[in-house]
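Architecture and fold: a report
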Amino acid sequence: MTGIEWILIAIAAIIVITLIVYFNRFVILGQRIDNSLSQIDVQLKKRADLVPNLVETVKGYAKHEKSIMEKVSDARKALVGATDIVKRMKAGNVLSNALGRLFAIAENYPQLKANENFLQLQQEMAVIEDKIAYARQFYNDSILIYNNSCKTFPGIMFAAIFGVKEKKFLEIPEAQRAVPKISF
Amino acid sequence: MAERISFYDQIARNKRKSVFLMILVFIVFVALGYVISMAFTPGDFFFIMIISIIFSISYLLISYYNCDKIAVASAGARPADRNQFRQLYNSVEGLTLASGMPMPKIYIMNNEQINAFASGRGPRHAVVCVTTGALQKLNKQELEGVLAHELSHISNYDIRFMTLVAVMVGMIAIISEFFLRSMWFRGNDRESKGNAIFILIGIVMAILAPIAVQLVQLAISRKREFSADATAVQFTRYPTGLMNALKKIKNDKPMKVSKAIAPLFMSDPTRKKFQNLFSTHPSIDMRIKILEQM
C-alpha cells in the first residue's frame, strides 16, 4: 500500500474512534441523569414509608391537629400512587411542605417533643430531607453537564449526528425553593 | 472582595495545570533518556531502561492494589461502626448522593487533631478516614466540608494520578542513579571523545533531574489539594463549611504520623507555618482565601 492509503486509513480510524467516544459519552451522561433521578425517587419513597408511623405518634399527643395530619396523609397517598417520576416529585414537594408544618406545630406540644420515637423520626426525616436536596443537586449537575456537552463545540456536531437533544430540568415550583420563613 | 471564582472553572483550571505538570515530568524523562543513550552505547541504555521499568512497574502494582490497606494500617485506623457514628454515615451518604459516587468504607483514627484522609485506587475501592478530633471539634457543616474534600480526592482519581506520578518520578531517580554509578566503572577504557559532551550533560542532568521532578511532584500534590477544595464546594455548595473547618485546623496542634502517609492527609499533619517548594500541602491561609472567593 502507498503512503496516501495509509494516511486515509488512519484518518478513517480516527473518525470512527471519535464517533464511538462521543456516542458513548452521550449515553453515559444520559444514564447518569436517569440514575440521579432514581436516587431522588428512592429517598422520596423512604420518607413516604416513615409517614404512617409519624402520624400515629403525633396523633397520640396532638389529637386536635386533624387538618395537618390529613394533609400529610393525603400527600403521602399522592406520592405512593403517582405513576411517573414527575408526579412523584410534585407530591414529594407537597409532602415536604406538609411535614414542615407538622414539625412546626409539634413545637407546641412539649410531651410530643420529648417522645423518644418522635425525636428519632424527626431526625430521620431531617436526614432524608438533606439527602433529597443532595440527590436533586446531583440531578441538576448531571443535566447541566449533559446540556453543556450538547451545546459546546465539538459536542454540538456529534449531537446533531446522533440526534441528541438537550434535556429539560424537572420543574420544581418556585415556592418550594424559597427558604422557609422563620417567624418569631 | 475579589472576583468570584466559579468552582467549575476552578476544577477545570486545576486539571489543566496538573496535565501540564505531568507533561513536564515526561519531557524530563525523555530528555534524560536521550542524553544517556547518546552518552552510552544503545545496548546499555535499553538494559538500564528495562530493569528500571520492571522494577518500578512491580512496585507500582503492589502499592496500587494495596494502597488503601497500607494507608489504613500505617495510620492505625479502625472501621467505623454504623450505629455508633450514625451522623458521620449520614453525612457521607448525603455526599455520595451529591457526587453520584459509590459509598466508601469509613474508618476512624484515634487522634486529637482535626484531620482526615482518603485512599484507594478508585471510587469502588475507596476508604475515607477521619480522626476522632475532627468528629469532636467540627460541627455538621464543617465535617461535611472535610468529608467532601476527601471524597473529591477519590472522585478526581487523585490517588491513581499521584501513584502514576510517583512511579515516573521513581523511574527517573532510578535511571539517574544507574547512570551515575556506571560512570564510576567506565573510566577511560573506551574512546569516548565523541560522547564526552553528552556524558557531561548526562551527569548534570542525572543530578538535577530527580530533584526537579520531585519538586514537580510536590507541586502537583499541592495543586490537587486546591482542586479537591473546589470539588468539595461543588458537592456541598457551601464553601463556608470547609472554610471554617480549615480555620479550626489552622489553630490545631501538630500530629505525629509516619512521613510516608503525611501527604495523604486533608492538611499537613506537622502544621508547618510556611509553604515552600518542598511542602506537600498548600498553606491553609491560601486555601481559605480561595474558598472565600467562591
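Residues numbered from 1 in each chain as written. Chains lettered and ligands numbered in written order. Predicted model: local features only at pLDDT ≥ 70, side-chain atom pairs only at ≥ 80, totals over all residues.

1. Quick look at the overall build of chain A
Definition in use: Each helix is a run of DSSP H or I of at least 4 residues and each strand a run of E of at least 2, with the numbering of both proceeding from the N terminus. Radius of gyration: over C-alpha atoms. The globule rule applied is 2.2 Å multiplied by the number of residues raised to the 0.38 power. Our exposure labels follow a C-beta count within 10 Å of each residue's own C-beta, placed from the backbone: buried means 20 or more other C-beta atoms, exposed means 12 or fewer, and partly exposed covers the counts in between. Here contacts are defined at the residue level, using C-beta atoms placed from the backbone and a cut-off of 7 Å between them.
From N to C terminus, chain A includes seven helices and zero strands. Taken from N to C terminus, the helices and strands of chain A fall in the order α-α-α-α-α-α-α. Compactness check: chain A gives a C-alpha radius of gyration of 24 Å against a globular reference of 16 Å for 184 residues, more than 25% above the reference. Along the first, second and third principal axes, the C-alpha set of chain A runs to 90 × 30 × 25 Å. Every one of the 184 residues in chain A was classed for burial, and the buried ones make up 25%. Within chain A, contacts between residues separated by at least 24 positions form 71% of all contacts whose residues are at least 6 apart in sequence.

2. What to know about the interface of chain A and chain B
Operational definition: When residues are grouped by polarity, Ala, Val, Leu, Ile, Met, Phe, Trp, Tyr, Cys and Pro land in nonpolar, Asp, Glu, Lys and Arg in charged, and all others, Gly among them, in polar.
The interface of chain A with chain B comprises 10 residues on the first partner and nine residues on the second. Mapped onto the side of chain A that touches chain B, the elements with two or more residues apiece are α1 (3–61) and α5 (116–151) of chain A. Considering each element in turn, the side of chain A that touches chain B owes the most residues, seven residues, to α5 of chain A. Grouping the amino acids of the side of chain A that touches chain B by side-chain chemistry returns four nonpolar, three polar and three charged.

3. Quick word on the sheet that holds strand β1 (residues 78–79) of chain B
All names here are of chain B. How we decide: Being paired, for any two strands, means DSSP has found at least two bridges between them. Axis definition: a line fitted to C-alpha atoms, limited for helices to the stretch in contact. Angles are taken between N-to-C directions and run from 0 to 180 degrees.
Strand order in the open sheet formed by four strands is β1-β2-β4-β3, and the pairing between neighbours is mixed. Edge positions in the open sheet fall to β1 and β3 (116–119), since each of these has one partner strand only. Strand direction decides the pairing type here: β3 and strand β4 (residues 127–131), joined by four bridges, are antiparallel. Across the sheet, residue Ala116 finds its bridge partner in β4, namely Val130. Across the face of the sheet, helix α5 (residues 140–155) comes into contact with β3 and β4 while running at roughly 20° to β3.

4. Notes on α5 of chain B
The α-helix advances 3.6 residues per turn, and as a result positions three or four apart in sequence lie on the same side. All names here are of chain B. Spelled out, the test is: One fewer than the residue count of a helix, multiplied by 1.5 Å, yields its expected span.
Over its 16 residues, α5 extends 22 Å from the first C-alpha to the last, a length consistent with the 22 Å expected when each residue adds 1.5 Å. Counting buried residues in α5 gives 14 out of 16 residues, a clear majority hidden from the surface. With its phi angle positive at about 55°, Tyr157 sits one or two positions after the end of α5.

5. Observations concerning the nonpolar core
Residues and elements named next belong to chain B. Put simply, the rule is: A set of buried Ala, Val, Leu, Ile, Met, Phe, Trp, Tyr and Cys residues, joined through C-beta atoms within 7 Å, is what we mean by a nonpolar core.
Ranked by internal contacts, the top residues of the largest apolar core, which has 79 residues, are Val128, Cys129, Val146 and Leu242. Not counting chain neighbours up to four residues away, the residues in contact with Cys129 comprise Val72, Ala75, Ala77, Tyr107, Met109, Ala116 and Phe117. Among the nonpolar cores identified, the runner-up in size contains 19 residues, and Ala39, Val165, Met171 and Val213 belong to it.

6. Digging into the confidence of the model for chain A
Rule in force here: pLDDT runs from 0 to 100 and stands for how confident the predictor is about each residue.
Residues with a pLDDT of 70 or more make up 92% of chain A, whose mean pLDDT is 84. This model gives residues 174–179 of chain A a pLDDT under 50, and the stretch forms two contacts once residues within four places in sequence are excluded.

7. Here we look at helix α3 (residues 86–99) of chain B
Residue and element names in this part refer to chain B. Along its 14 residues, α3 runs 20 Å from first to last C-alpha, staying within 8% of the 20 Å computed at 1.5 Å per residue. The set of residues buried in α3 consists of Leu88, Ser91, Val92, Gly94, Leu95, Thr96, Leu97, Ala98 and Ser99. Immediately downstream of α3, the backbone of Gly100 shows phi near 70°, a positive value.

8. A short note on the environment of Pro210 of chain B
Residues and elements named next belong to chain B. With respect to the helices and strands, the residue Pro210 is situated in helix α7 (residues 196–236). Using a count of 20 C-beta atoms within 10 Å as the deciding quantity, one classes Pro210 as buried. When the C-alpha positions of Pro210 and Ala77 are compared, they lie 33 Å apart, and in sequence the two are 133 residues distant. Among all residues touching Pro210, those that are not within four sequence positions of it are Ile172, Ala173 and Ser176.

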